[in-house]
Structure formats: structure tokens, C-alpha cells
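Listed here are the chains, written in short residue letters.
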Amino acid sequence: MTRDLFLGLDVGTQGTKGVLLDATKRRIVGRAGSAYGLIEGLPEGSAEQHPDTWSAAIANVVRALDVDAERLAGIGVSGQQHGCVPLDADGRVLRAARLWCDTSTTREAEELSATLGRTIPVGFTASKVLAFAREDPEGWDACAHVLLPHDYVNHRLTGRFTSEAGDASGTGYFDPKSRQYDAQAMAAIDPRLAERVPVLLAANESAGALTQSAATWLGLGAAAVGVPVSAGGGDNMLSAIGSGATRSGTAVVSLGTSGTVFTRSDVPVIDPSGAIAAFCDSTGAWLPLLCVMNATSVAEEVARAFGTDHATLTREAAALPAGNDGLLMVPYLMGERTPDRPNATGSLHGLRPGGLARGALYRAALEGVALNLAWGVHRMRELDLRIDKVRLVGGGSKNDLWASILASALHVTVERPVESESAALGAALQSQWVTHPSASIDDLAQVAVKIEGVPIEPNAADAAVYAERLGTFRKLAEG
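Draft legend 1. Structural context of the overall build of the protein chain. On a plain count of helices and strands, the protein chain comes out with 16 helices and 23 strands. Its C-alpha atoms give the protein chain a radius of gyration of 22 Å, within 12% of the compact-globule value 23 Å for 479 residues. Along the three orthogonal principal directions, the C-alpha set of the protein chain runs to about 65 × 50 × 45 Å. Of all 479 residues assigned to the protein chain, the portion counted as buried reaches 60%. Residue pairs in contact within the protein chain that sit at least 24 positions apart in sequence constitute 72% of those at least 6 positions apart. Total accessible area on the protein chain is roughly 17,800 Å²; 50% of this is exposed by carbon and sulfur atoms. Averaging the locations of the 41 positively and 54 negatively charged side chains of the protein chain gives two centres separated by 4 Å.

Quick look at the structure:
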């Protein structure tokens, strides 16, 4: 029997998604998901999940996909970036993982930034490692491995401790230019960290083979044992592959709990301001990236406040003009990463009679997030990054109004891939690349990624309004 099925897993903050790619039919033949949340009752600013939560969700997803183990050719894993998963020498988890959205380590991030002379965002792994070492010296003494979420899943699948440049470049102790760990940064955190980070793999290298215990965990049986697991990567890196953004000029905007904008570059892009992260990608190139903490959660906040569904709110918001009659939201409900305002709060400006209507507030949420992203895209262009078109992915991509607002605010054509779970698809495509190393990842992606409907073009009049509103937004956000 031909092995032509590739399993892609995306282990995210709100749940795990899986897709099954049939290489013979050149299409996705299965999708499944399993939702979960954060650990409740933690202090303000803390955001944690236990890796056991991911393991249970992964097993649920794979079993729901009903994978034919005799046809399974490869597995790829995408994971939420920046999380810190400490393990002991026997591979046991020492504490729940602090996640990218955890801001409880702000003090450690500021201290490391001052020591290293460059910005270490609080969302990066570095401050979480330092906080763990300080808060739990005994736990740190027992720690033998410091992994990222996708590294941990690959370890569970293969028994090996590995990472790759894309995900590792979001740790704060990695040099994206050399694509190697940064010895100085690791020493500033703790000299023992260098002994505890996983070995780095090339993007098209296998992380190992599926073990018997992993096959049993996933319910796949003996036929799946030995199937190669790809190097994997961070969710943004794999989303780039699964969106077809494997060539310069095509950017991805991902609207999930957080919002990101990223595009491929053949050379490293270092932003002195720190606004654009100097990430590597998961194909052997680079992926300069903007990340904002507040995206779909802002619209969700409005929907919860009024107990109204998004479709109704979108219709009411669409009846209002671009610029929202002057009502402007700075949407920093969770603090903000870009700009670096971890303790910021959200605000409304330009309130007039009718401004508290639910449609007006919903439009303010959509436009506020769009303007924050436009600010970052402006900075990317200042760094000579070419952005000709945008592939819009994530949960927020399904909102037609938001897509049109983004097209005008960013001054680009917006396309929406048919497969919205782009990170899971990217993971499947990377695993296909690993088993066919002579193939081009760009060719594989261009075949697999399909575009939905007609591209959304910017409206010239709306674009002019948003250009003016961006100036006001920046002044308000900078305080």
C-alpha cells in the first residue's frame, strides 16, 4: 500500500487542530480539532497550560481523523511559540508551561533587555526561564531540558530532544543571523541553560521516527511505528508554508487570539527598534514578524458584553462608514507586545451620541486592531520588506468586513486561503518535504494552497481615511 498521507498538527493556545493531506489526491481529506483553555485561578498576568492538556487533545484529534496507519507517510507539528516547558532527566514535566501571552515576567524581560542591550519582549521564552530559575531553585536544579511547545510534542512522538531555527528564534536566546543559539544571552539567564536546550535541526530534517509508545498514545497501531516526524516549527512559521507565503512579496496576516503579520525574506532583517521580530522561518530562510497581543479577543469582548453573535454585530458595523464617525479604539485589553506596552490598557476616543451602540463599538474593535497591524506593516516597509499581497488566515479571517477593512488599512490586496488552518497544513507540507528532500517546499505549497473566492482590493477612499486615522491612533497609543 502506498504511504501518501501526511498528518499536520497545530498545538495552539485555544486548542489543537489536525489535518490529513493526501499527496496523491493533492488535497486535505480530513480535519479535526479539540478545544481547551488556560489554567484558571492564576494571578493577574499569568497564562499557563499543562502539557498534558496538549497530549490529550492531540490524541483526540488523531483518533477523530481515523488515520489509516498503513498509508501514513509523515507527521509534522506546529506549536504556539515562546512557551517554556521544563523537563527533568527522565522527561517528566516539572511545572505547567508559561505561554506567549504570560506577562507575569515583565521584570525579568526588562532586566534581560538592559543586560543584553536589546529588547527581549516579555512574551519571549527567555524571561520565563529566568523567572523559573529564580522562583523555584530546586526545580531548576532538577531541570535537564528546556523545550518549546512544539519541541515537547516532537519529544513525545520520537523520544528525542530537538528544535529548529524558526521556533528557536522566538526564545530571546537565539541569533537569527547565524541561526544558532546565543551563548551570551543564555549565560545572562543562567550558565546552565546552554546544557539544557535541544539540538537544532535543519528545516527539512527529520526529528526522529514515531515510537511504539507514541503510536499507542495516538491510537495508530504498529503500522505507524517508524514513520518520520519532521522538524516542525512555530505556528507562524508553519502558517507561512500552509498559506503559500513561501516566496517574497506575499505576507500573511493571522487573526487569532493574537495577531501577526509576517513575510519571507532571503536575508535576515534586524529592526533596531525591536518592533519587528528577526525570526527565521521553517524553510531555511527568514520570517520578519510583527506580533500584537490583541486581535480576535477584542471583538469577542464586545460580543460578550452585548450577548450578541458576531454576524449580527458585523451587519450593524458594516452600516457605518470607514473611520466609524470618529470613534476610535486603542485595543490594548491584554497590554500590548507591539508597541511594547505590557501594562497598557484599552481606551475609546471620539465618543459622541450613539458611540456606545453595539455596532459602533464592534466596528471600533475591528478598526482598532487593523490600525495597530497597519502601524507594524508601515514599519516593515520602512525596513525594505516588499508586501504586494496578504494571505488572511485565522479565526478572524472569516469576517468579510474585517477583511475589507484590512485591505484598505494595509493598502494591499487580501486573499483568503480555502484552508483556514494554515499552520496545520504547513506542518503536513513540511513533513511531505522531509520525505521528499529533493522537492521544493515552494512548489509543494503552491500546489496545496487554494485561494477562496475573489481577492479583496483596497478601497481608495477608505484607505485615505485609515491613513489619517493611523496618525491619530499612533499618538494615542504612544501616550
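Draft legend 2. Local environment of the sheet that holds strand β16 (residues 249-255). What the six strands build is an open sheet, ordered β18-β17-β16-β21-β22-β23; its pairing is mixed. Strand pairing shows two members of the sheet lacking a second neighbour, β18 (289-292) and β23 (451-456), which therefore form its edges. Neighbour to neighbour, the strand axes of the sheet diverge by 20° on average, direction disregarded. Against the sheet, helix α13 (residues 400-410) engages β16, β21 (387-393), β22 (413-417) and β23, with an angle of about 140° to β22.

Draft legend 3. Highlighting the pairing of strand β17 (residues 259-263). Across the five residues that make up β17, a large majority, five, are buried. Judged by which residues are buried, β17 turns out to be covered on both faces: Gly259, Val261 and Thr263 on one side and Thr260 and Phe262 on the other are all buried. Strand direction decides the pairing type here: β16 and β17, joined by five bridges, are antiparallel. Along β17, the bridge assignment pairs Ser254 with Thr260. In this structure, the hairpin formed by β16 and β17 is closed by a connection of three residues. With four bridges joining them, β17 and β18 adopt antiparallel strand pairing. Each bridged residue has a counterpart across the sheet, and for Phe262 the counterpart in β18 is Leu289.

Conventions we followed
- Residues numbered from 1 in each chain as written.
- Predicted model: local features only at pLDDT ≥ 70, side-chain atom pairs only at ≥ 80, totals over all residues.
- Heavy atoms only, no water.
- Helix = DSSP H or I, 4+ residues; strand = E, 2+ residues; numbered from the N terminus.
- Rg over C-alpha atoms; globule rule 2.2 N^0.38 Å.
- Buried < 20%, exposed > 50% of the residue type's maximum accessible area, 1.4 Å probe, protein only.
- Contact = heavy atoms within 4.5 Å.
- Areas by Shrake-Rupley, 256 points an atom, 1.4 Å probe, with all protein chains shown as cover.
- Lys, Arg positive; Asp, Glu negative; His and termini not counted.
- Charge placed at Lys NZ, Arg CZ, Asp CG, Glu CD.
- Pairing = 2+ DSSP bridges.
- Axes fitted to C-alpha atoms, helices over the stretch in contact; angles between N-to-C directions.

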